[in-house]
Each structure stands twice: as structure tokens, then as C-alpha cells.
Amino acid sequence: MCDTCGCSSEGGAVLRKPGNSEYHVHITGHGNGHVHDHDHEHSRHHDHDHGHTHHHPEGHSRKIAMEQDVLLKNNLLAERNRGYFEARNIVALNFLSSPGSGKTSLLEKTIPVLRQHVPVAVIEGDQQTTNDADRIHALGVPVIQVNTGSGCHLDAFMINRSLRELDLQDNSLLCIENVGNLVCPAMFDLGEALKVVIISTTEGDDKPLKYPAMFHEADICILNKTDLLPYVDFDAARCRENAMRVNHHLEWFEVSVKSGEGLDAWTERIMKMVKRN
Amino acid sequence: MHEMSIALSIVEAVDAKAREEGAAKITGIDLLVGRLSGIETESLKFCFSAASKGSLAEDAVLAIDEREGTGECTACKSSFPVSFYYAECPECGSLAVSIISGEEFQIKSMTIEEEGE
């Protein structure tokens with residue numbers, strides 16, 4: 001049950017806005033990018049209504065070809081989002097990582113620089129709380145929080161629904177911070193231009209090998225917390241090599257959000273993308 | 001556990017199609033799952049039994065055809081089986097391997113039982 005309005009919303013995601021505790025939108029769908037219209041009972045009755053002129057023996061079984069991608073609905077909706085971004089000249093980036101690698105901190109640090117050149121908006125994904133959206137809201141940029149509830153990833157439908165709640169400007173940048181998880185979000189296209197995976201030096205340098213699907217899907221990899229390198233057993237060169245083994249097209253950045261080291265190269269990369277658009 | 005939302009989307013897709021076809025129930029579903037698709041088939045089967053409750057697919061048997069991945073070396077163009085993303089070309093040792101197949105994840109077909117007259 002939803003603890004804000006008391007409605008039954010198990011399994012569904014909820015959109016929230018920081019600074020507006022009244023605002024919350026339940027979004028239906030099975031987490032696969034599909035609006036669920038609850039007409040099952042109705043169609044069950046229908047099956048009996050149309051008159052069969054041909055006769056089937058009791059329990060006649062038949063094979064039906066489907067040849068359908070399981071993620072078809074998500075992928076179609078992702079393409080719709082992509083079309084919306086293209087038409088309005090919006091660069092959408094999907095930020096992915098395990099919890100605690102510094103996704104929100106990276107946004108907090110870079111958005112004040114980026115917004116001097118381009119309007120920025122953010123979609124935050126977390127199972128619960130508006131903590132991350134609150135941090136982004138404090139920067140003064142539009143943000144919406146998607147609480148996925150039991151869900152472990154954002155999907156194209158959640159983004160599609162969030163876009164309707166966010167008043168995005170043309171020629172802008174949209175940062176989507178996915179649920180902290182190196183496994184599931186890899187499978188779900190949101191319609192983004194690029195996937196950016198973040199790894200930090202307090203994790204293992206073999207992470208790209210342990211979670212290859214994510215690194216294979218990503219376009220850019222950012223190694224964060226390089227200021228801690230002297231204190232941890234993390235080999236940045238080996239990590240990079242591991243990441244390249246999984247995906248030889250990966251673009252590599254090394255940054256410390258804390259000290260600011262390497263952030264110029266990253267913001268320049270984004271600006272290049274925004275300008276080219 | 002993305003297998004749960006995946007299982008729900010399979011149920012939704014086959015249930016809708018089966019109703020269109022006038023089925024009384026779905027007895028079998030054939031899936032093609034590439035080894036590089038990121039799907040754990042045991043976990044998917046487990047989630048499917050929960051996800052299919054109350055749908056036409058409640059008693060359906062999942063038949064999963066797991067397909068090996070194929071990689072092609074971008075350096076020497078030879079192709080070979082791969083089961084993970086950091087494969088090395090067995091011919092020239094290059095790591096610049098493109099995945100040709102193994103990422104499939106499809107509902108191939110289903111078997112329905114029609115209502116008797």
C-alpha cells in the first residue's frame with residue numbers, strides 16, 4: 001500500500017518531486033514499459049461470445065508462431081523516447097553503477113559547470129526515498145525521482161512517464177541516474193544517447209570481468225575516487241585493461257569527484273556532445 | 001532480479017496473443033535464450049511460475065533453447081564460440097571480438113489449447 005495516499009500500488013513505481021511532498025504519481029505497467037489496461041476479465045467473457053462455425057474437438061491444441069523479442073515493448077518505447085530526444089535536440093545520458101560509486105556526487109559536482117552552457121534536468125532512480133533528488137534539487141535544476149519500489153532497474157516506460165512530468169527544454173542535457181545495480185539495468189534501453197558506467201577505486205579492479213554485461217553495453221566508463229588510489233589495492237591500469245577486454249569501444253575517464261581531478265575532461269566531453277547536436 | 005519483470009512481460013505477451021487466438025489455455029512456451037543475453041534460465045523458470053498465476057499461461061511448460069554465443073575477430077575475421085564478453089580470438093589472440101550471436105532473447109512460439117464446442 002502507498003503510504004502517501006493509501007492506495008494499493010504494490011509492484012508499481014512512483015514518481016516524486018523534491019520540495020513537494022504532496023506530489024506523487026503512481027505509474028502502472030509491469031516494469032517492462034507497458035501501460036496495463038486491466039481488461040483481462042472482460043476479454044475472458046468475450047471468448048464465449050463469438051460464434052464458432054467450425055468445430056474443435058475438446059482440448060484441441062495448436063502451435064502459434066510468435067518470433068517476438070521478450071523486451072519488444074521496452075525497446076519500442078525506448079525508441080519513442082529516443083525520437084523525442086532527437087526531435088527536441090536533447091542529449092540523454094544513462095548513468096549506471098553499483099551503489100556508492102559516486103553517481104550522484106558526480107552530477108552534483110558537474111551540473112553547476114554544465115548548466116552555465118546548457119540547460120540540465122535529471123531523472124533519479126532509486127528503490128525508495130527522494131534523497132538523491134533532494135541533492136539535485138538543491139542545485140536548482142529540474143529533477144524527478146522515480147521510486148521503483150521492489151524494482152531493480154529503470155525501464156523505458158518509467159522514463160517516458162517521467163518526461164511528461166518534467167518540463168524539458170529544447171537543446172538541453174538530461175542525466176538519468178539509474179538504480180545502483182551493475183546487473184539488471186544493462187538489459188533495459190531507456191532511449192538514451194549513451195550509457196555511462198561508473199566504477200570507483202574502493203571496488204575491485206576486476207569488476208568489469210565480474211559484471212561484463214554492463215561494461216559491454218556501456219559507451220563510456222568513468223573511474224571515480226582516484227584521490228584514494230594511494231590508500232587502496234586498486235590498479236587503475238589493470239581495471240582499464242579489464243574493461244577494454246569486455247568492450248574495446250569503451251571510452252575511459254579517470255576522475256576524482258572529491259578533488260576535482262579529471263573532471264574538466266569529462267565536462268568537455270559532454271559539452272562536445274551537446275554542441276554537436 | 002530482473003528475471004521477475006522479464007517473466008511478467010513474457011506472460012503478458014503470450015496471454016494477450018492467446019486470447020486473440022481464442023485459447024482456453026497455454027500449455028507450452030518456446031523461448032530462445034542466448035548465453036550472452038543476461039538471463040539466468042533457472043531463475044526465469046522460478047519467476048515464471050509466480051508471474052503466470054491467474055493467467056492463461058499458469059500451467060504452461062517453458063521450453064528454453066539456450067544458444068551458444070558466436071564471436072568474430074575484427075582483426076583476423078575468424079569466428080568461434082564465445083560464452084562470455086571478454087573472449088580472446090583463438091587464432092590471433094586479439095581481444096577485439098565482435099559478438100555475432102548469443103544475445104537473442106525471444107518468444108519463438110507457444111502451444112495453446114482451444115476451447116471445445
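Cut-offs applied
Residues numbered from 1 in each chain as written. Chains lettered and ligands numbered in written order. Predicted model: local features only at pLDDT ≥ 70, side-chain atom pairs only at ≥ 80, totals over all residues. Heavy atoms only, no water. Salt bridge = Lys/Arg side-chain N within 4 Å of Asp/Glu carboxyl O. Helix = DSSP H or I, 4+ residues; strand = E, 2+ residues; numbered from the N terminus. Buried < 20%, exposed > 50% of the residue type's maximum accessible area, 1.4 Å probe, protein only. Core = buried A, V, L, I, M, F, W, Y, C linked by side-chain atoms within 4.5 Å. Contact = heavy atoms within 4.5 Å. Pairing = 2+ DSSP bridges. Axes fitted to C-alpha atoms, helices over the stretch in contact; angles between N-to-C directions.

**Describing the pattern of salt bridges**
In step 1: Applying the stated criterion across every chain yields a total of 24 salt bridges over all chains.
In step 2: Between Glu-79 of chain A and Arg-82 of chain A there is a salt bridge, with its nearest N and O atoms 2.7 Å apart. On the criterion of helical spacing, the pair formed by Glu-79 of chain A and Arg-82 of chain A is a turn pair, its members being three residues apart in helix α2 (residues 72–87).
In step 3: Of the residues examined, Arg-82 of chain A reaches a relative accessible area of 19% and is grouped as buried.
In step 4: Notably, a salt bridge pairs Arg-19 of chain B with Asp-15 of chain B, separated by 2.6 Å at the nearest N-O pair. Here Arg-19 of chain B and its partner Asp-15 of chain B are both found in helix α1 (residues 2–20), four residues apart, which amounts to about one turn of the helix.

**Brief notes about the nonpolar core**
In step 1: By size, the foremost hydrophobic cluster in this structure holds 31 residues, and its most contacted members are Ile-6, Ile-26 and Ile-29 of chain B.
In step 2: Listed by contribution, the elements that provide at least two residues to this core are β3 (61–69) of chain A together with α1, β1 (23–34), α2 (41–51) and β6 (105–114) of chain B.
In step 3: Sort the elements by how many residues they give to this core and α1 of chain B lands first, with seven residues.
In step 4: Not counting the four nearest positions on each side in its chain, Ile-29 of chain B is found in contact with Val-14, Phe-48, Ala-57, Ala-60, Val-61, Leu-62, Ala-63, Ile-107, Ser-109 and Met-110 of chain B.
In step 5: Counting 30 residues, the second-largest nonpolar core is a separate cluster that includes Ala-133, Leu-194, Phe-253 and Val-274 of chain A.

**Comments concerning the sheet that holds β6 of chain B**
In step 1: Pairing is mixed across the open sheet formed by four strands, whose spatial order is β3(A)-β6(B)-β1(B)-β2(B). Since the sheet does not close on itself, it has two edges, and those belong to β3 of chain A together with β2 (61–67) of chain B, each with one partner. Strand-to-strand twist across the sheet, computed as the mean angle between neighbouring axes with direction ignored, equals 20 degrees.
In step 2: Across seven bridges, β3 of chain A lies against β6 of chain B in antiparallel orientation. By the bridge assignment, Ile-64 of chain A is partnered in β6 of chain B with Met-110 of chain B.
In step 3: The strands touched by α2 of chain B within the sheet are β1, β2 and β6 of chain B, with β2 of chain B carrying the most contacts at an inclination of about 160 degrees.

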